[in-house]
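Commentary on secondary and tertiary structure
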Amino acid sequence: MKLRKLLLILSMAVLFVVVFLINAATKNIEFDGSLIFTIRNLCALGSFIILYFTIQIYKSERRKGIIRQIGYVAVWTGLFLGAYLLTSFIPLKGFESRNFKLYPRDYITIFLSSLLSIVAAVFAVFVTLYLKDLVHYKRKKTTKRNFLFLMAFILAASCSSLSAPQGENSVLERFFTILAVLLIIANSFRLAWIAYLPRREKFYALLYSFLSFLGFLAILIILSVETGWTQKGLLYYSYPLYTFVRLISIFGAVYFGMAGISTLFHLPTAAAFDRKQTEISSLHNLGKLINQVFDLKELVDTATTLTFEDIEAASVWLEVVAVDDERNRLVSSKNISEEEIETIVSHSSSIRSVVLQSKKFLLIDSVPEDKRTTYIPKMKKVSSLIVVPLLSHEKLIGILYASKDIEYGFEQDDVEILSGFADQVSIAIENARLIKKSIEKERLQRELMLAQEMQKRLLPQNLPHFKTVEMKGVSSPALEVGGDYYDVVMLDKHRVGIAVGDVSGKGVGAAFYMAEVKGIFQSLSKIYSSPKEFLIKANEALYGSIDKRSFISLFYAVLDTVSGTLTFSRGGHCPMLFISKERQEYIKPLGLGLGLVGTEKFSSTIKEEKISMQSGDICVFYTDGVTESRSSEGEEFGYERLFDVVLNNKRKSADEIKEEIIQTVWNFTDEKGYHDDLTIFVIKWIA
Amino acid sequence: MSDFKVTIRDHSENIQVLDLKGYLDAHTAPVLEDAFGKLLNEKKYRIIVNCKELTYISSAGLGVFMAYIEDVRANKGDIKLSDMTPKVFNIFDLLGFPMLYDIVSSEKDAATKFAEMK
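On a predicted model such as this, the values are computed, not experimentally measured, just so you know.

Counting its regular elements, chain A contains 19 helices and 17 strands. Whereas a compact globule of 687 residues would reach a radius of gyration of roughly 26 Å, chain A reaches 50 Å, over 25% beyond that. With respect to the principal axes defined by its C-alpha atoms, chain A has extents near 150 × 75 × 45 Å. Nonlocal contacts in chain A, meaning residues at least 24 apart in sequence, comprise 72% of its contacts between residues at least 6 apart. Put simply, chain A shows about 33,100 Å² of open surface, and 59% of that area lies on carbon and sulfur atoms. Here chain A contributes 79 positively and 74 negatively charged side chains, and the mean placements of these two sets differ by 11 Å.

Once that is clear, we can look at the overall build of chain B. Each helix and strand in chain B was counted, giving four helices and five strands. Along chain B, from the amino end to the carboxyl end, the secondary structure elements read β-β-α-β-α-β-α-β-α. A compact globule built from 118 residues would reach a C-alpha radius of gyration of about 13 Å, and chain B, at 13 Å, matches this within 12%. Counting only C-alpha atoms, chain B reaches 40 × 25 × 20 Å along its principal axes. Here chain B, with 118 residues, has 54% of them falling under the buried criterion. Put simply, chain B shows about 5,500 Å² of open surface, and 49% of that area lies on carbon and sulfur atoms.

The next subject is the environment of Phe521(A). All names here are of chain A. With respect to the helices, strands and loops of the structure, Phe-521 is situated in helix H14 (residues 507-524). Each C-alpha atom, one on Phe-521 and one on Ala-499, is 8.0 Å from the other, the two residues being 22 residues apart in sequence. Those residues within four positions of Phe-521 in sequence are excluded, and the remaining contacts are Tyr-485, Asp-487, Val-488, Val-489, Gly-497, Ala-499, Phe-534 and Tyr-556.

Attention now goes to the pairing of strand S4 (residues 78-82) of chain B. Residues and elements named next belong to chain B. For S4, a buried count of five out of five residues is recorded, marking the element as mostly surrounded by other parts of the structure. The two faces of S4 match: Asp-78, Lys-80 and Ser-82 on one face and Ile-79 and Leu-81 on the other face are all buried. Pairing of strand S3 (residues 46-57) with S4 involves five bridges; the strand directions are parallel. By the bridge assignment for S4, Val-49 is matched with Leu-81. Direction of pairing for S4 relative to strand S5 (residues 102-104): parallel, over a ladder of three bridges. Its bridge partner lying in S5, Lys-80 is registered against Asp-102. Note that the unit made of S4, helix H3 (residues 86-95) and S5 has a crossover that is right-handed.

Domain boundaries assigned for chain A yield domain 1 (66-273), domain 2 (298-437) and domain 3 (462-685). Centre-to-centre separation of domain 1 of chain A and domain 3 of chain A, based on C-alpha positions: 105 Å.

For the rest of this paragraph, the subject is the interface of chain B and chain A. In this assembly, 22 residues from chain B lie in contact with 26 residues from chain A. Interface of chain B and chain A: buried area, both sides summed, is about 2,100 Å²; carbon and sulfur atoms make up 57% of it. Contact with chain A buries area across many residues of chain B, yet Leu94(B), Leu95(B) and Met99(B) alone supply 34% of it, more than any other trio. The tally of links between chain B and chain A comes to three salt bridges. Where Asp93(B) meets Lys588(A), a salt bridge forms, and the shortest distance between an N and an O atom there is 2.4 Å. Applying the counting rule to chain B against chain A returns eight residue pairs in polar contact (both at pLDDT 80 or more). Listing elements by their share of the side of chain B that touches chain A, those giving two or more residues are helix H2 (59-74) and H3 of chain B. With eight residues, H2(B) is the largest single contributor of residues to the side of chain B that touches chain A. Looking at the side of chain B that touches chain A residue by residue, the class counts come to 14 nonpolar, four polar and four charged.

Residues and elements named next belong to chain A. On the basis of which strands lie adjacent, the open sheet formed by five strands has the order S8-S17-S16-S13-S14 and antiparallel pairing. Looking at strand neighbours, the two that pair on one side only are strand S8 (469-476) and strand S14 (584-587), the edges of this open sheet. Each neighbouring strand pair of the sheet contributes to a mean axis angle of 15 degrees, computed without reference to strand direction. As judged from the four bridges shared by strand S13 (residues 576-579) and S14, these two strands associate in the antiparallel manner. Pairing of Met-576 across the sheet is with Ile-587, part of S14. On the sheet, helix H19 (residues 654-669) packs against S8, strand S16 (618-622) and strand S17 (678-685) and is oriented at approximately 150 degrees with respect to S17.

Here we come to unusual backbone geometry. Among all residues except glycine, the phi angle is most often negative; among peptide bonds, the trans geometry is most common. Despite not being glycine, Lys138(A) shows a phi value in the positive range, around 50 degrees. For Lys138(A), the position within the fold is in the loop between helix H4 (107-135) and helix H5 (141-159). At Asp83(B), a residue that is not glycine, the phi angle is positive and equals roughly 55 degrees.

Attention shifts here to the sheet that holds strand S9 (residues 484-490) of chain A. Sheet strands pair via backbone hydrogen bonds, and the direction of the pair is either parallel or antiparallel. All names here are of chain A. Strand order in the open sheet formed by five strands is S9-S10-S11-S12-S15, and the pairing between neighbours is antiparallel. Looking along the sheet, the strands with just one partner apiece sit at the ends: S9 and strand S15 (608-612). The sheet shows a mean angle of 15 degrees between the axes of neighbouring strands, taken without regard to direction. Of the strand pairs in this sheet, S9 and strand S10 (residues 495-503) are connected by seven bridges, and their pairing is antiparallel. Bridge pairing links Tyr-485 to Gly-501 in S10.

All right, on to the packing of H4(A) against helix H8 (residues 230-237) of chain A then. Residue and element names in this part refer to chain A. Running from N to C, H4 and H8 point in directions that differ by 80 degrees, and their axes come no closer than 9 Å. By the angle between their directions, the pair H4 and H8 is classed as roughly perpendicular. Touching Ile-110, Ser-113, Ser-114, Leu-116, Ser-117 and Ala-120 of H4 are Thr-230, Gly-233, Leu-234, Tyr-236 and Tyr-237, all from H8.

Another aspect to go through is the packing of helix H3 (residues 66-88) of chain A against H4(A). Residue and element names in this part refer to chain A. Contact pair H3 / H4: the axes reach a minimum separation of 10 Å and the direction vectors enclose 160 degrees. Here H3 lies roughly antiparallel to H4, going by the angle between them. Crossing geometry of H3 relative to H4 is assigned as left-handed. Contacts between H3 and H4 involve Ile-66, Gln-69, Ile-70, Tyr-72, Val-73, Trp-76, Thr-77, Phe-80, Ala-83, Tyr-84 and Thr-87 on the former and, on the latter, Leu-116, Val-119, Ala-120, Val-122, Phe-123, Phe-126, Tyr-130, Asp-133 and Leu-134. When grouped by side-chain class, the residues that make up the contact of H3 with H4 number 16 nonpolar, three polar and one charged.

What follows deals with the confidence of the model for chain A. For chain A, the average pLDDT comes to 86, and 95% of its residues sit at 70 or higher. Ranking the elements of chain A by mean pLDDT puts strand S1 (residues 95-98) of chain A last, at 70, and S16(A) first, at 97.

Ranked by size, the top nonpolar core spans 93 residues in total, and within it Ile683(A) and Phe65(B) carry the most contacts. If we ignore the near neighbours within four places in the chain, the residues touching Phe65(B) are Leu20(B), Leu32(B), Phe36(B), Val49(B), Ile57(B), Ile79(B), Leu81(B), Phe92(B), Phe97(B) and Tyr101(B). The next biggest cluster of nonpolar side chains, apart from the first, holds 73 residues, and it includes Cys43(A), Phe80(A), Tyr242(A) and Val245(A).

Among the secondary structure elements, Thr605(A) is positioned in helix H16 (residues 599-605). A polar contact of 3.1 Å, which involves the side chain of Thr605(A), links it to the backbone oxygen of Lys601(A). Among all residues touching Thr605(A), those that are not within four sequence positions of it are Leu590(A), Gly591(A), Leu592(A) and Met99(B).

What follows is about the layout of surface pockets. All names here are of chain A. Taken as a whole, the largest pocket encloses approximately 640 Å³ of empty space. The wall of the largest pocket is formed by 29 residues, among which Tyr-52, Thr-128, Leu-129, Met-151 and Phe-244 lie closest to the centre. Elements supplying a minimum of two residues to the lining of the largest pocket: helix H2 (35-61), H4, H5 and helix H9 (239-292). Per-element tally for the lining of the largest pocket: the top contributor is H2, with nine residues.

What counts, and at which threshold
Residues numbered from 1 in each chain as written. Chains lettered and ligands numbered in written order. Predicted model: local features only at pLDDT ≥ 70, side-chain atom pairs only at ≥ 80, totals over all residues. Heavy atoms only, no water. Helix = DSSP H or I, 4+ residues; strand = E, 2+ residues; numbered from the N terminus. Rg over C-alpha atoms; globule rule 2.2 N^0.38 Å. Contact = heavy atoms within 4.5 Å. Areas by Shrake-Rupley, 256 points an atom, 1.4 Å probe, with all protein chains shown as cover. Lys, Arg positive; Asp, Glu negative; His and termini not counted. Charge placed at Lys NZ, Arg CZ, Asp CG, Glu CD. Buried < 20%, exposed > 50% of the residue type's maximum accessible area, 1.4 Å probe, protein only. Pairing = 2+ DSSP bridges. Right-handed = clockwise from strand over helix to strand, strands pointing away. Domains from an automatic or database assignment. Buried area = accessible area lost by both parts, 1.4 Å probe. Salt bridge = Lys/Arg side-chain N within 4 Å of Asp/Glu carboxyl O. Polar contact = N/O pair within 3.5 Å; in protein donor to acceptor, adjacent residues only side chain to side chain. Nonpolar A, V, L, I, M, F, W, Y, C, P; charged D, E, K, R; others polar. Axes fitted to C-alpha atoms, helices over the stretch in contact; angles between N-to-C directions. Parallel < 35°, antiparallel > 145°, perpendicular 65-115°, else oblique. Left-handed = near helix turned anticlockwise from the far one by under 90°. pLDDT = per-residue confidence, 0-100. Core = buried A, V, L, I, M, F, W, Y, C linked by side-chain atoms within 4.5 Å. 1 Å grid on protein atoms, 1.4 Å probe; cavity = no way out; pocket = protein on both sides within 12 Å on 5 of 7 lines; lining within 4 Å. Points joined across faces, edges and corners; volume = space filled by probe spheres on them.

In structure tokens, the structure reads:
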């Protein structure tokens, strides 16, 4: 790009020099229609074309706002005018006119004419480009075409005099000039940019337009003054350039004349237009805000500030109704203290209830006169007041107040802005709340997953292996965590303690007690090897330490893995299912749930039983999740089904029996059914 | 999912009856708690809980009785349970409730037992 620019400028300079040299060399020579004359004109034209592209590159690199552009037009007009007038006052010998042709009398005249012509060309090109931008603002289909036609006619008018010597007006040239002027008028109606200027900038536009208009007018006048050498200098240098500058100046004068008048007429509505613009942009800002701000406090603060600025209020405050209780919480205010708000609200309680009930905005044009607000102590900045409810799904989530320091201060526009605002803020607040809620929910979910992992680890990870007996257990909570429990502990070399229990209730509460039971079991089972004794001590530990309405049912059995003797007690838990050759039944020794009563009552009721296991004998411990699970029809699984499953599969291994029970329960409850925490523990004597 | 209802009715001058109906679990337990709370607030400590239409009771439901029994007995009253279906009785029985509460076959029996207490 840089190289290209350099090349352009270089070749342009060469052409300028060539033209100057030819001019100087042919100072007094008659060369009408000769080759050298055409070459000179072509060189001049070439230099202008290069100039056009150079300036276009320069200009496209530095794009400017509308006002700056008009300002530059005014400046360029002034510069050219100044240069023109300044050179006019230099006393030079000027030109001699013979047969409508100009002959310079000295070299300095040639030089200054060249210089002025270059300035004129730069001026014309700049003005053309600026005008092009202005005309193309908010372009329509025909805009580009019209402008191209205009430029074509201007160039045609200029070029039609290319071969003619200075000062001659050909018919063709006149024809094109008239067409160009017609198109100038047509293009001068392209003034769309005025409407979109802010009010302040409209004043500048007016000023610059009139300055430019006057400048172009002045240029047109001095270009037609034939006394002195200056105008002749332009004509002498290049007649097409002279025509071009003149036509562009006409364009400029007409365009900026129209622009000036149009801007003048736009001024009265400028303020209203500004407001609409602000309204759109502030709603847009608020829209962006909704997607960015999830912090409620930050959100309402921004909303209050935006409201305050956009409707030019004297004070603004926003109450957000708390979700959990009906009490209103002040969240944000602008230019008003909390005490002042308190004073206003407490002296005009009827307003709030009206807004709360109607769910529509309420406008008090005159606070001192309106009977609903007349008791409010006089406050200058609260002369008129508007109260807008913030609604989400027809539910009130907040109230937006805005006041102005003059009575009847709120116009229809303000009301519309505020209503639009209220809608957006409502959505934003609702969003912020929902996001907060979902984050909280996600956090709790994670915590629960963690709790679930922890609880899984409270169950035995590996069961001991014996040659004489198989044992398998499984536990599945209904929710993330549950109150079911089973555990196995080696009491000595041969004896193993097995516990299956159930904490009342479900979920997290139950899970805590389950962990407590685990601790008690692990510590007490090794000290008290008799199941009855163990349960008495476990009850002692639990009674009084847990909530009154909570209790734990626990079945505890001690198995001698050498002799096959199973000793057990039941603390309010489901009976054990025993299947042997001689005996197939639920065994249910007497005993209360743990944590229900004190030691005296508990120990007086609990019983201990003993059985001897033979090869193929099966014991099933379980929680009520098995027997009380229900089908989609509401039927309970019950004891008989459990009994049948175990009896029908008694030849299978402990692991297979456990699986059969689970499968049968799952099939029975299906998807719509219901089950509680569910635990199964199976032992089978195989010696 | 489950429906549960408690109605309070006077049996005689100083004995109140709670009629339980439906499915008593962790979700519906507060309904029964409210009913007990109300009776205790009115200093009515002789309570018969009629379980005729109680279809199921979970551990959380059983817990409700434990929450109030101490208070009631401390005030020389009692909670007596009557008219249980065998299924519901089995749940009470597993936990050993018959050792803690009077579980009788009818309201009349319960009233008689209250009368004996004097």
